[in-house]
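Working through the structure, step by step
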Amino acid sequence: MDRIADIWGPRTPHAGGTVWPARVDRRLEEGVAEEDVERWVRSACVLCSNGCGCEIAVRGGRMVGVRGVATDVVNHGRLGPKGLYGSWPWANSADRLTRPLVRENGRLAETDWETAMGRIAGVSRRLLAEKGPLSHGFHTSGQLFLEEYYTLAVIGKAGLGTPHMDGNTRLCTATSAAALKESFGTDGQPGSYTDVEHCDALFLFGHNMPETQTVLWTRVLDRTRADDPPKVVCVDPRRTKVAEEAERTGGVHLAPRVGTNMALMNGLTRELFANGRVDEEWVGRHTLGVEELRETVESCTPEETARICGVDAGDVRRAARIFGESERVLSTVLQGFYQSHQATAAAVAVHNLHLLRGMIGRPGAGVLQMNGQPTAQNTRECGADGDLPGFRNWGNPAHVRELAELWNVDEMTIPHWAPPTHAMQIFRHAEQGSIGLLWISATNPAVSMPESSRVRRILGGEKCFTVVQDLFLTETAELADVVLPAAGWGEKTGCYTNAGRVVHLSDKAVEPPGEARSDLDIFLMYADAMDFRDSGGAPLLKWRTPEEAFDAWRECSRGRPCDYSGLSYEKLRGPTGIPWPCDEEHPDGTDRLYADGVFNTDPGYCESYGHDLLTGGTVTPTEYRAEAPAGRAFLKGAAYVPPHEEPGEEYPLLYTTGRTAYHFHTRTKTGRSRELNRAAPDAWVELSVPDARRLGIAEGDRVRVESPRGAIEVRARIGHVREGTVFAPFHYGRWDPDEAASDGAPRQANELTMTIWDPVSKQPYFKTAACRVVKAAGGDGPAPAPTTTASEPAGAPVPPTRGGPEADTSAESAATPDYPGDPAAAPEYPGHIAEVAAPGRS
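The rules behind each value
- Counting of residues starts from 1 at the beginning of each chain's written sequence and follows it residue by residue.
- In keeping with the model being predicted, local features are shown solely for residues with a pLDDT of at least 70 and side-chain atom pairs are shown and tallied solely at 80 or more, while totals for entire chains, interfaces and linings include all residues.
- Note that the side-chain values use all heavy atoms of the structure and ignore hydrogens as well as water.
- Residues belong to a common nonpolar core when they are buried Ala, Val, Leu, Ile, Met, Phe, Trp, Tyr or Cys residues joined through side-chain atoms within 4.5 Å.
- A 1.4 Å probe rolled over the protein chains alone gives each residue an accessible area, and that area as a share of the maximum for its type sets the label: buried under 20%, exposed over 50%, partly exposed in between.
- Each helix corresponds to a stretch of at least 4 residues labelled H or I by DSSP, and each strand to a stretch of at least 2 residues labelled E; elements are numbered beginning at the N terminus.
- Residue contacts are counted whenever heavy atoms from the two residues lie within 4.5 Å of one another.
- Positive charges are assigned to Lys and Arg, negative charges to Asp and Glu, while His and the chain termini are left out of the count.
- In what follows, salt bridge is the name for a side-chain nitrogen of Lys or Arg lying within 4 Å of a carboxyl oxygen of Asp or Glu.
- Side-chain atoms alone can form a polar contact between residues adjacent in sequence; in general such a contact is a pair of N or O atoms within 3.5 Å, and within protein one must be able to donate a hydrogen while the other accepts it.
- In this analysis, strands are considered paired if DSSP registers two or more bridges between them.
- Only the contacting stretch of a helix is used when fitting its axis, a line to C-alpha atoms as for every element, and angles between N-to-C directions run 0 to 180 degrees.
- For this analysis, a ring pair means two rings from Phe, Tyr or Trp (six-membered ring only for Trp) whose centres lie within 6.5 Å, classed as stacked if their planes differ by under 30 degrees, edge-to-face if by over 60, and tilted for the remaining angles.
- Counting as a charge over the ring demands two things of the Lys NZ or Arg CZ atom: a distance within 6 Å of the ring centre and an angle within 35 degrees of the ring normal.
- As a per-residue measure, pLDDT reflects the predictor's confidence and takes values from 0 up to 100.
- Each angle receives one of four descriptions, namely roughly parallel if under 35 degrees, roughly antiparallel if over 145, roughly perpendicular if within 65 to 115, and oblique otherwise.
- The handedness criterion is simple: a crossing whose near helix is rotated anticlockwise from the far helix by less than a right angle is left-handed, and one whose near helix is rotated clockwise is right-handed.
- Taking the helix axis as origin, the arc is that swept by the directions to the C-beta atoms.
- Here a helix's expected span is defined as the number of its residues, less one, multiplied by 1.5 Å.

Some details on the nonpolar core
Counting residues in each nonpolar core, the largest one holds 137 residues, and the members touching the most others are Phe203, Phe205, Leu268, Phe337, Leu356, Tyr655 and Val705. Tallying contributions element by element places helix H16 (residues 343–356) first for this core, with 9 residues. Ignoring any residue separated from it by four or fewer positions in sequence, one finds phenylalanine 205 in contact with Val235, Met265, Leu268, Ser331, Thr332, Val333, Leu334, Phe337, Val350 and Leu353. By size, the runner-up hydrophobic cluster in this structure holds 65 residues, among which are Trp407, Val467, Cys562 and Trp580.

Here we look at the side chain of aspartate 385
Summarising the element assignment, aspartate 385 is placed in the loop between helix H17 (376–382) and helix H18 (397–407). Despite its burial, aspartate 385 remains without a salt bridge, the nearest opposite charge being carried by arginine 170 at 4.8 Å. Within the local environment of aspartate 385, its side chain forms a polar contact with the backbone nitrogen of aspartate 387, the two atoms lying 3.1 Å apart. Not counting residues up to four positions away in its chain, the partners in contact with aspartate 385 are Met165, Asp166, Gly167, Thr169, Arg170, Thr379 and Arg380.

A few points about the environment of aspartate 701
In this structure, aspartate 701 sits in the loop between helix H27 (689–695) and strand E24 (702–706). Aspartate 701 gets classed as buried once you look at its relative accessible area, which sits at 6%. Among residues more than four places away in sequence, those in contact with aspartate 701 are Gly696, Val714, Arg715, Ala716, Lys775, Ala777, Gly778 and Gly779.

Some details on the environment of valine 773
Mapped onto the elements, valine 773 comes out in strand E27 (residues 769–777). The spatial distance from the C-alpha of valine 773 to the C-alpha of leucine 687 is 9.4 Å, given a sequence separation of 86 residues.

Observations concerning the sheet that holds strand E10 (residues 231–235)
Taken in spatial order, the 5 strands make up an open sheet running E11-E10-E9-E13-E14, and their pairing is parallel. Whereas interior strands pair on both sides, the edge strands pair on one side only; in this sheet they are strand E11 (252–254) and strand E14 (366–369). Shown here is a sheet whose adjacent strand axes are inclined to one another by a mean of 10°, direction ignored. On top of the sheet, helix H9 (residues 241–248) reaches strand E9 (201–205), E10 and E11; it is set at about 140° to E10, its chief contact.

Considerations on the pattern of salt bridges
Following the criterion strictly, the structure yields 67 salt bridges and no others. Residue glutamate 686 pairs with arginine 238 through a salt bridge whose shortest N-O separation is 2.8 Å. Here glutamate 686 is found in strand E23 (residues 684–688), whereas its partner arginine 238 is found in the loop between E10 and H9, with 448 residues between them in sequence. Here glutamate 686 and arginine 238 have matching classes, each one buried.

Considerations on the packing of aromatic side chains
Within the structure shown, the criterion is met by 19 aromatic pairs. Measuring from centroid to centroid gives 6.4 Å for tryptophan 684 and tyrosine 732, while their planes differ by 65°, and the two rings are edge-to-face. Note that tryptophan 684 is positioned in strand E23 and tyrosine 732 in the loop between strand E26 (725–729) and E27, a separation of 48 residues in sequence. Like tryptophan 684, the residue tyrosine 732 is buried in the burial classification. Through pairs of rings, three or more aromatic residues link up here, namely Tyr150, Trp543, Phe550, Trp553, Tyr564 and Tyr569. Positioned above the aromatic ring of tryptophan 580 is the side chain of arginine 501, whose terminal nitrogen or guanidinium carbon lies 5.6 Å from the ring centre. Of note, lysine 636 hangs over the ring of phenylalanine 634, and the distance from its end group to the ring centre comes to 5.7 Å.

Some remarks on the sheet that holds strand E18 (residues 494–497)
Read from one edge of the open sheet, 3 strands run E18-E19-E20, paired in antiparallel fashion. What marks the edges here is a single partner per strand, and that holds for E18 and strand E20 (578–579). Both E18 and strand E19 (residues 502–506) contribute to a ladder of 4 bridges, which runs antiparallel. Looking at the pairing, glycine 494 lines up with serine 506 of E19.

Quick word on the side chain of histidine 139
Within the secondary structure, histidine 139 sits in strand E7 (residues 136–140). Those residues in contact with histidine 139, other than ones at most four positions away along the chain, are Asp166, Gly167, Asn168, Ala423, Phe427, Leu438, Trp439, Ile440, Ser441, Thr443 and Pro445.

As for the confidence of the model for the protein chain
Within the protein chain, residue pLDDT values average 94, and 95% of them lie at 70 or more. Scored below 50 in pLDDT, residues 805–810 shows 15 contacts in the model against residues more than four places distant or in partner chains. Throughout residues 816–842 the model reports pLDDT below 50, and contacts reaching past four residues in sequence, or to other chains, amount to 46 contacts.

What to know about unusual backbone geometry
Here the amide bond leading from tryptophan 580 into proline 581 is cis, since omega sits at 0°, within 30 degrees of zero. Tracing the backbone through its elements, the reader meets proline 581 in the loop between E20 and helix H25 (621–626). Phi is positive for alanine 442, which is not a glycine, with a value near 60°. Examined against the element boundaries, alanine 442 turns out to sit in the loop between strand E15 (437–441) and helix H20 (445–448). Overall, alanine 442 belongs to the buried group, its relative accessible area being 17%.

Notes on the packing of helix H10 (residues 261–274) against helix H14 (residues 313–325)
It is the contact of H10 with H14, at a shortest axis distance of 9 Å, that shows an interaxial angle of 55°. By the angle between their axes, H10 is oblique relative to H14. For the pair H10 and H14, the sense of crossing is right-handed. Across from Leu264, Gly267, Leu268, Glu271 and Leu272 in H10, the residues of H14 making contact are Val316, Arg317, Ala319, Ala320, Phe323 and Gly324.

Let's talk about H18
When H18 is considered as a whole, its buried residues turn out to be His399, Val400, Leu403, Ala404 and Trp407. Along the axis of H18, the buried positions cluster into a sector of 140°, meaning they face one direction only. The N-cap residue of H18 is asparagine 396: its side-chain oxygen and the backbone nitrogen of alanine 398 are 3.0 Å apart.

Re helix H3 (residues 146–160)
Taking 1.5 Å of rise per residue, the 15 residues of H3 would be expected to cover 21 Å, and the 20 Å separating its terminal C-alpha atoms lies within 8% of that figure. Judged by how many residues are buried, H3 sits mostly within the fold: 14 of 15 residues are covered. Positive backbone phi, approximately 85°, marks glycine 161, located one or two places after H3.

Here you go:
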């Protein structure tokens, strides 16, 4: 089966409340048969945030394939195109980094580890002596392992004492964490993927699940194609596959004008109040702020919502009625909200809908504030994003004291005197020169950050010494002063936690190439070179191996919302990943949070005291305690305000960016997969039919897209985006697997985006910029956009996207009849799996 052409594979429909049938997906390198595989090594896929359990095929010391794990609670054996075609081929690429590089006379030259780390440590010691710890900044990833994040957090917070730590997760998932804290007191997804099996309605807010989480969408399709499908409601300015499914199930597609999500959410919330669809008794017992919220949304009638958002007032009423009349609603949220105007306020408004109806903590009734990257959850848990490890509150002296005692360091070493520095500020400090050493690991900000020409100037300038550790010489690594070769997935051991709190262990399958080292070993080498010590004079980092680092993290998490104390490597080598909290009370993990209606809002336990959603102003500890939350959730609202940049005469269109199903982040891995790269080989922009007609642009024409900050020149897909909107995928930088694949014209989507961020989550706005489009040249064929996804053409004859003849039999998918989903037939399953697998039980 060609899983490029058929992204989601064959259907296995089933009735609501029953277990999702298993289907094992497999792909092996061309010429390798299953009997040729020497070992299958347990892991989990890291090419989206879904976290699908898998096994890596090893032959001759190389990764040669992958297959899904039927017993895993996340995917029941399925894998998506990125997992099948892109999770492992990059490892065998000839252009892997295999030795450290240092900049000499303006050029990067190979060297040994001692020289490279000696140069880093020398600069680090000099800056500490001259400027102190605020001279150091760390920008990490959503793709390392838990053990590596925790090690980095301890180095930064207890070794150096710098608050300047954040990840590229700031670009994709910071709003998820911020919204969860604002409503429920701490981070942590309330819902479970198993809610798909139980819900009566499924609302996707700015979440193009068919392309960002393909296996989870497969799970949805297996319910919507059954005899009792849930209604789907899609909020997206493009007509995605979600929108098509909404129409098919009797749901609604709401396509709001870019930047107006908050107005839409206020309109939906007002409809619940106006039509008596609020569970007043539950709200009175379990929430705070209902009257303030009612007042905030009172004027947001369907007609006013329609005027602002450019949607139909009747559709607003229909969507609100579906939410208000359904017994069990599952809502998912992603970048369409997180990267847009009033991001945190809009994401919190989704929580408000659920809280008003008392729909949280039970099967089918939950919220998933999704992540964009595979280990983003660990970045937040471990403190590598600037927060304190274990979801501790930097404003709570008792929480800081806990960490100081755990690490045996002075409390004042741990930065807690102000909010942690977010990524946008870190790059500003590097631009100004106050950060003199910027360490970037496993990410490519030269392509992924907004206003990317500015970011390239910062990285290539003289004010900041830049260290990059990565698999390849990316656009960012090319600008570094020192480049460190890192081991990747399958080449090291470690754990990671998906968007649904499920923890997986990924075992080392093969050796990394040349002198490449794991990120954990690199961080430990730096700690040794700097000779970081605790208050007793012992080495600050007491661990040397991934398992020792995991055990240290377990103790750090004990008693906190993300409690790992009941987990171990041995336990995680079982049949499935396990969701935290996992402790003495929940030895098999916890499928859903807040089933008892008690939230993590106690002042001594919460992770944040909250903010004003409109201004970002912080709530003081005294103000927070005065509200006496006592385990109740917060209902918080905000009025809609217009975006920072709106269309005008000079720039009449709205520019928004996003993803495609076939690539991840900046294509460092997926661009090195022949099949994935063939499916989406080059950048494009999407225009609506009316806009294209007015501008005289046809399918495949070369167009120039300009904003006040920059321009790109790519081919046009005439598709299904909302009129007045221009969509561009953000994955494409200067690099290509084949140098002849691109003509060298600017195509980097973030040349046009703004250095503007949400006042609460500090997540940049990639989806609200003004632009103009002009035809640059006629086309000689269709745009390189896939036809299988939301980028399908609107009418023009375009050859269908497929993996090619050689791919037709390289990916296999088969239903697995010996996996009945009956817990009695699978006694080795942890209890939480048996609980959701049994029809009629919860």
